[in-house]
Amino acid sequence: MSTDTKTTAADLPTLASAADAAARQIPPLWPLASYVAVNPYLGQTGETLADVSARLSRVGGVASAMPRAWYLKRIAAGEITDEDLQAALDAAPQADRPADVAALKAAANEVRPEPKALPTLADLAAKIDGTDWPALIAERFGAWAGGYFDRGQALWAAPKGKSAWAAYCAHATHDLAPEIMGLKGFGSFAAEAPDKPVEAIARAVERLGLSEAALETYFHQLLITLGGWSQFARYELWRAELADGTDATITDFLAIRLLWEEALYLRHEAALASEWAATRAVHEAPITVGAPEIVDAILQEAAERAAQRGLAETLDLPPATPTEGRALLQAAFCIDVRSEVFRRALESVDPSIQTLGFAGFFGVFAKHRRFGSDVDELRLPVLLNPTVTSCSGGHDHKEEELAKRYTARAKRAWGRFKLAAVSSFAFVEAMGPVYVGKLVRDALGLNPAPVPNDPKPQFDPALDLETRIGAAETVLRAMSLTDGFARVIVLAGHGANVVNNPHASGLHCGACGGFSGEVNARLLAALLNDREVRKGLVGRGITVPEDTLFVGALHDTTTDAVTLYDADTPSQSHAADLKTARQWLAAAGATTRGERALRLPRAEKEGDIPMRARDWAEVRPEWALAGCKAFIAAPRSRTSGRSLEGRAFLHDYDWKQDGENGFGVLELIMTAPVVVASWISLQYYGSTVAPQLFGSGNKLLHNVVGGFGALEGNGGLLRGGLPWQSVHDGERYIHEPLRLSVCIEAPREAMTDILSRHEGVRALFDNRWLHLFAMDEEGRIAHRYSGDLTWEPVVRPAKRPKLEAVA
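Residues numbered from 1 in each chain as written. Predicted model: local features only at pLDDT ≥ 70, side-chain atom pairs only at ≥ 80, totals over all residues. Heavy atoms only, no water.

1. A word on the overall build of the chain
Along the backbone of the chain there are 30 helices and 20 strands. Taking 807 residues into account, the globule formula puts the C-alpha radius of gyration at 28 Å, and the chain, at 28 Å, falls close to it. For the chain, the proportion of its 807 residues judged to be buried stands at 55%. Roughly 34,600 Å² of accessible area belongs to the chain as shown, and the carbon and sulfur atoms make up 55% of that amount. (Helix = DSSP H or I, 4+ residues; strand = E, 2+ residues; numbered from the N terminus. Rg over C-alpha atoms; globule rule 2.2 N^0.38 Å. Buried < 20%, exposed > 50% of the residue type's maximum accessible area, 1.4 Å probe, protein only. Areas by Shrake-Rupley, 256 points an atom, 1.4 Å probe, with all protein chains shown as cover.)

2. Let's talk about the state of the cysteines
Two cysteines, two sulfur atoms, one covalent bond between them: this is a disulfide. Taken as a whole, this structure holds zero disulfides when the rule is applied. With no disulfide of its own, cysteine 334 has cysteine 509 as its nearest cysteine by sulfur position, at a separation of 4.1 Å. Here cysteine 743 stays unpaired: no disulfide links it, and the sulfur of cysteine 628, its closest cysteine neighbor, is 14 Å away. (Disulfide = S-S within 2.5 Å.)

3. Notes on the side chain of serine 53
Its place among the elements puts serine 53 in helix H2 (residues 49–60). With near-sequence residues (within four places) excluded, serine 53 lies in contact with Val62, Ala63, Ser64, Arg112 and Glu293. (Contact = heavy atoms within 4.5 Å.)

4. A word on the sheet that holds strand S6 (residues 457–459)
The four strands are arranged S4-S3-S5-S6 in an open sheet whose pairing can be described as mixed. Of all the strands in the sheet, the pair left with one neighbour each is strand S4 (377–379) and S6. This sheet shows a mean twist of 30° between the axes of neighbouring strands, independent of strand direction. Judged from the four bridges that link them, strand S3 (residues 366–369) and strand S5 (residues 388–392) form a sheet pairing that is parallel. (Pairing = 2+ DSSP bridges. Axes fitted to C-alpha atoms, helices over the stretch in contact; angles between N-to-C directions.)

5. With respect to empty space enclosed by the protein
This model, assessed by the stated rule, comprises eight cavities of 30 Å³ or more. Approximately 500 Å³ is the volume attributed to the largest cavity. Lining the largest cavity are 44 residues, with Ala37, Gly506, His508, Leu625 and Ile680 sitting closest to its centre. Elements supplying a minimum of two residues to the lining of the largest cavity: helix H27 (673–689) and strand S16 (722–723). When its volume is computed, the second largest cavity comes out at roughly 90 Å³. (1 Å grid on protein atoms, 1.4 Å probe; cavity = no way out; pocket = protein on both sides within 12 Å on 5 of 7 lines; lining within 4 Å. Points joined across faces, edges and corners; volume = space filled by probe spheres on them.)

In structure tokens form, the structure reads like this:
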């Protein structure tokens with residue numbers, strides 16, 4: 001193979017820019033320890049659904065909407081009405097959309113062409129010599145990348161210290177698989193590659209005859225062929241940029257993938273020249289939206305309008321009668337949709353109970369170290385940086401902490417001994433009988449579910465008084481909780497308790513960075529119980545009664561058990577109140593489990609739910625956030641007494657209080673919780689409509705690699721997104737793929753001002769990755785955001801006349 005092709009230095013900035021643009025089309029993939037939902041369309045939020053569908057059809061071979069039969073079934077059932085279809089047609093921006101509803105229905109009944117990605121050179125080479133080059137590249141790249149990124153799983157770790165490009169080229173010189181499969185000289189070709197990846201990219205671009213116009217989609221396609229590996233590299237870039245740095249790993253990956261393309265091109269140049277020229281020409285052409293993409297986008301819009309109509313009808317129902325006097329218990333939960341069911345159940349237990357919704361990190365942007373650990377856990381939204389550090393335990397727990405560290409080290413040493421090259425063979429025979437009891441207990445789910453029970457967390461270093469007062473005021477105002485305090489206020493973070501599930505952290509709190517939320521809740525409870533802080537709050541217009549006790553808690557969303565950490569601030573005078581609170585929480589848990597049992601497969605009653613958390617073979621311990629479709633920021637009175645079926649994020653918000661302070665809380669809600677909720681919603685959407693690209697496949701085939709990701713099988717591409725079992729029950733879809741409807745009770749002018757100042761958030765609404773509605777002062781959906789900082793009234797269908805009873 002010749003390596004004498006040169007590219008002028010003037011081309012390098014252009015190529016570097018094209019490589020960077022392609023990298024930003026890829027969504028990041030967080031490691032399993034802090035797995036959070038990510039918008040798979042993060043790089044395309046500046047485009048409409050139809051535009052993105054055309055793009056992903058070209059580079060990934062996937063559609064961006066459900067199969068036509070899914071929409072037709074809902075049209076036939078009357079769930080999607082002609083009015084919904086007409087409204088979606090009117091809202092479509094394309095001039096060549098169907099002329100009317102009849103034409104739209106006719107187009108919907110046509111067979112949609114299957115999206116087909118353009119062939120890569122690996123695809124073309126496979127057609128020529130019969131070797132499955134795309135699969136081989138995936139397998140060999142995965143074998144190397146698993147070792148390169150390894151986070152302690154491998155007993156024999158790969159050498160560290162080199163860039164991904166340098167490490168791969170060194171690895172490839174010793175990898176005989178490509179040459180055995182017919183790509184002679186590949187090791188030498190990799191060894192002679194340019195030292196700088198951008199120069200390798202430039203050489204490949206020139207050799208492959210690629211024009212600048214072709215780079216956008218071709219580079220994007222090559223990164224897509226690396227699956228979750230490129231997504232994990234994008235995570236490294238995201239993390240570096242959040243710390244004001246940078247990371248070149250994903251650009252290195254593009255250079256590696258181009259190295260394969262270049263080598264296969266040189267081997268088969270004559271045989272594939274004409275097909276490659278035709279492929280290049282398509283890459284050079286602008287992405288155009290065709291009739292299939294337009295029809296899909298309109299049908300998706302119609303399905304969402306149908307759901308919005310149902311949501312509006314629910315919110316129109318009469319509100320629950322408010323309770324007079326002081327509440328005996330207030331419980332603040334994360335806005336997570338799973339909390340909606342529990343909040344409704346808890347409020348039904350006793351009329352003196354009030355619940356609130358707030359982002360699950362409770363305003364504490366903490367970098368936390370657990371008891372006996374040196375690992376920094378970022379317990380805050382992944383969009384942001386930590387502002388405080390904390391740890392569990394203090395000087396009073398030094399001996400316990402040391403003992404825990406020794407125990408952890410012994411476990412790690414024992415684990416490595418079990419898996420070592422020599423001892424692993426004899427270990428099973430010699431020690432197998434010792435593990436019989438443990439295996440029986442675990443297999444039958446007899447071991448109790450562990451609950452996080454670290455000593456009381458504390459800020460480290462401690463915060464000065466003025467900072468503590470300011471933080472307390474900010475959080476209470478953000479919660480719209482500035483008066484009417486109950487004797488006991490529970491701050492409930494949430495987490496899940498499951499076994500044999502690599503994606504367990506994905507069931508935890510997304511607002512806490514994929515960790516459970518009890519640490520943040522306990523830190524805030526301690527802050528608000530601080531007598532000096534309460535004195536300072538009085539001067540800022542917030543008076544917390546002396547007899548009010550804040551209690552941190554953890555809501556286990558798998559079993560619906562709630563753990564109270566009342567020992568953090570012992571109060572004998574509240575013993576009776578806490579006993580009653582525990583009884584109420586237990587009753588609410590039973591009611592919630594009963595409602596959840598109706599949706600979960602193989603669950604008939606509430607008592608069937610807890611065992612699912614301890615069952616090794618259970619692939620659906622809970623539905624997590626499947627079904628999410630709405631985000632509502634308004635006083636609880638707008639939604640109390642109505643069932644939102646566990647499908648709505650509920651954030652308490654009083655715009656009248658906030659308006660006095662310049663709508664700072666509204667801006668925070670629209671730029672943080674709404675964006676996090678959009679990531680969740682769109683990950684479920686992408687994992688449902690395009691599971692082969694944005695889903696992680698079958699849970700039963702998952703194997704953990706490197707301690708950070710999951711493969712589907714024993715090698716190949718890293719898989720990102722949600723497992724199929726998270727959106728489908730084996731017979732039907734459990735998640736209904738709808739872009740989130742955000743309903744906010746606030747003046748439209750205030751929301752418009754915020755959108756005008758936050759381009760990224762505005763793009764989500766302008767391009768309809770999210771829908772935005774303004775609620776009126778009666779809690780009804782009154783106006784729809786129509787894009788370009790404009791609004792339109794929501795027209796309600798005429799109500800059917802009531803039938804008079806016949807005597």
